[in-house]
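Spelled out, the chains give:
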Amino acid sequence: MLKINDIHVYYGAIHAIKGVSFEVHEGEVVALIGANGAGKSTILKTVSGLMHPRSGSVSFMGQDITHMEAHRLVKQGLAHVPEGRRIFLQMTVQENLEMGAFTRKDVSKDDLDMVFEQFPRLKERRRQVAGTLSGGEQQMLAMSRALMSHPKLMMLDEPSMGLAPILVDQIFDIIRTLHKNGTTILLVEQNASKALEIADRAYVLETGSITLSGSGAELANSDDVKKAYLGG
């Protein structure tokens, strides 16, 4: 479904991503783990058209999207839930959800009902201003807003960041449900143990390069990963 081939990405003179290649197959949960500053978010921004590689290529559903604009990628079925949620704080919950469907012309009440079925807490707060929601509720809103575009692939950037442990568990339960319902997921997450628990496959990123890859279970049992990311 998604193929990243030897991409090199720069911030000015800084070589942030150094020849990264990986794939995401339909129906998978694939995790990118690594320390803060390893380049995980940069990769997602490059895939979603917010940044462009200096060299290398990105393809989605067999189409080269290396230099495609972000709004066109949403239409193609690729949704990006950014780090920090980035919801529209002054809008209501429902208005945020409607913004998530801005590339579609066939939005119906059924779309909202589908989201509210998966996120009943948001249904209770549909008229509430989004900036007054708790951190966990804002993360749910960011994920459900992305769902409104009917994505084939959802990219989640640090969905558990800043949340209390009980909310982290809730967010990962929601990710499992989204996956079970047919959404392919590329997950960037500093909580490596949680990410590897749900990942079919995973990649370890260090200073802009992939240093390890394997199934979620293999990496969870790797001594290097345990020492670096799991406190083992």
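Scroll up to find the structure this text is about.
Parameters at a glance
Residues numbered from 1 in each chain as written. Predicted model: local features only at pLDDT ≥ 70, side-chain atom pairs only at ≥ 80, totals over all residues. Heavy atoms only, no water. Buried < 20%, exposed > 50% of the residue type's maximum accessible area, 1.4 Å probe, protein only. Helix = DSSP H or I, 4+ residues; strand = E, 2+ residues; numbered from the N terminus. Arc of directions from axis to C-beta. Contact = heavy atoms within 4.5 Å. Pairing = 2+ DSSP bridges. Axes fitted to C-alpha atoms, helices over the stretch in contact; angles between N-to-C directions. Core = buried A, V, L, I, M, F, W, Y, C linked by side-chain atoms within 4.5 Å. Phe/Tyr/Trp six-rings, centres within 6.5 Å; stacked < 30°, edge-to-face > 60°. Lys NZ or Arg CZ within 6 Å of the ring centre and 35° of its normal. Salt bridge = Lys/Arg side-chain N within 4 Å of Asp/Glu carboxyl O.

A. Seen up close, helix H4 (residues 109-118). Looking only at H4, the buried set comprises Asp111, Leu112, Val115 and Phe116. Relative to the axis of H4, the buried residues are bounded by an arc of 130° and lie together on one face. Exposed residues on H4 whose side chains face more than 90 degrees from its buried face are Lys109, Asp110 and Glu117. The secondary structure elements touched by the buried residues of H4 are helix H3 (93-100), helix H5 (120-124) and helix H6 (135-147).

B. Inspection of the sheet that holds strand E7 (residues 153-157) at higher detail. Pairing is mixed in the open sheet, where six strands are placed in the order E6-E7-E8-E3-E9-E10. The open sheet has two free edges, formed respectively by strand E6 (78-81) and strand E10 (209-215), since each of these has just one partner strand. Each strand of the sheet is rotated relative to its neighbour by a mean of 15°, with strand direction disregarded. When strand E3 (residues 29-33) meets strand E9 (residues 201-206), the two strands line up parallel, connected through four bridges. Pairing of Leu32 across the sheet is with Tyr203, part of E9. Lying on the sheet, H6 is in contact with E6 and E7; it crosses E6 at an angle near 170°. Helix H7 (residues 165-180) rests against E3, E7 and strand E8 (184-188) of the sheet, and its axis sits at about 150° to E8.

C. View of the sheet that holds strand E4 (residues 55-60). Ordered in space as E2-E1-E4-E5, the four strands form an open sheet in which the pairing is antiparallel. With partners counted over all chains shown, the strands left at the sheet margins are strand E2 (14-24) and strand E5 (63-64), one partner each. For strand E1 (residues 2-11) and E4, the ladder comprises five bridges, and the chain directions are antiparallel. By the bridge assignment for E4, His8 is matched with Ser55.

D. Here's a closer look at the nonpolar core. Core analysis: the biggest nonpolar cluster contains 44 residues, and Met143 and Ile175 have the highest contact counts within it. Sort the elements by how many residues they give to this core and H7 lands first, with seven residues. Beyond its immediate sequence surroundings of up to four residues, Ile175 is in contact with Met143, Leu156, Pro159, Ile185, Leu187 and Ile198. Within the second largest apolar cluster, 29 residues are counted, among which are Met1, Leu2, Ala16 and Val58.

E. Summary view of the packing of aromatic side chains. Counted according to the given criterion, the structure contains one aromatic pair. Consider the rings of Phe22 and Tyr203, whose centres lie 5.2 Å apart with planes at 45°: the pair is tilted. Of the two residues, Phe22 is situated in strand E2 and Tyr203 in strand E9; the sequence distance between them amounts to 181 residues. By the burial criterion, Phe22 is buried, and Tyr203 matches it. Stacked on the ring of Tyr10, the Lys or Arg Arg54 has its end atom at 3.7 Å from the ring centre.

F. Representation of the environment of Pro159 within the structure. Assignment of secondary structure puts Pro159 in the loop between E7 and H7. Taking the C-alpha atoms as reference, Pro159 lies 9.3 Å from Gly136; in sequence the two are 23 residues apart. Contacts of Pro159, omitting those with residues within four sequence positions, involve Gln139, Ile171, Ile175, Leu187, Val188 and Glu189.

G. Up close: unusual backbone geometry. Despite not being glycine, Asp6 has its phi angle at roughly 50°, a positive value. For Asp6, a relative accessible area of 38% gives the class partly exposed. Phi is positive for His150, which is not a glycine, with a value near 55°. Relative to the assigned elements, His150 resides in the loop between H6 and E7.

H. Up close: the pattern of salt bridges. Under the definition given, this model contains nine salt bridges. Among the ionic pairs, Glu158 bridges to Lys40, the shortest N-O distance being 3.9 Å. Of this pair, Glu158 sits in the loop between E7 and H7 while Lys40 sits in helix H1 (residues 40-47), and the two are 118 residues apart along the sequence. Looking at Lys40, the relative accessible area reads 5%, which means it is buried. A salt bridge links Lys194 to Asp169; its shortest N-O distance comes to 2.6 Å.

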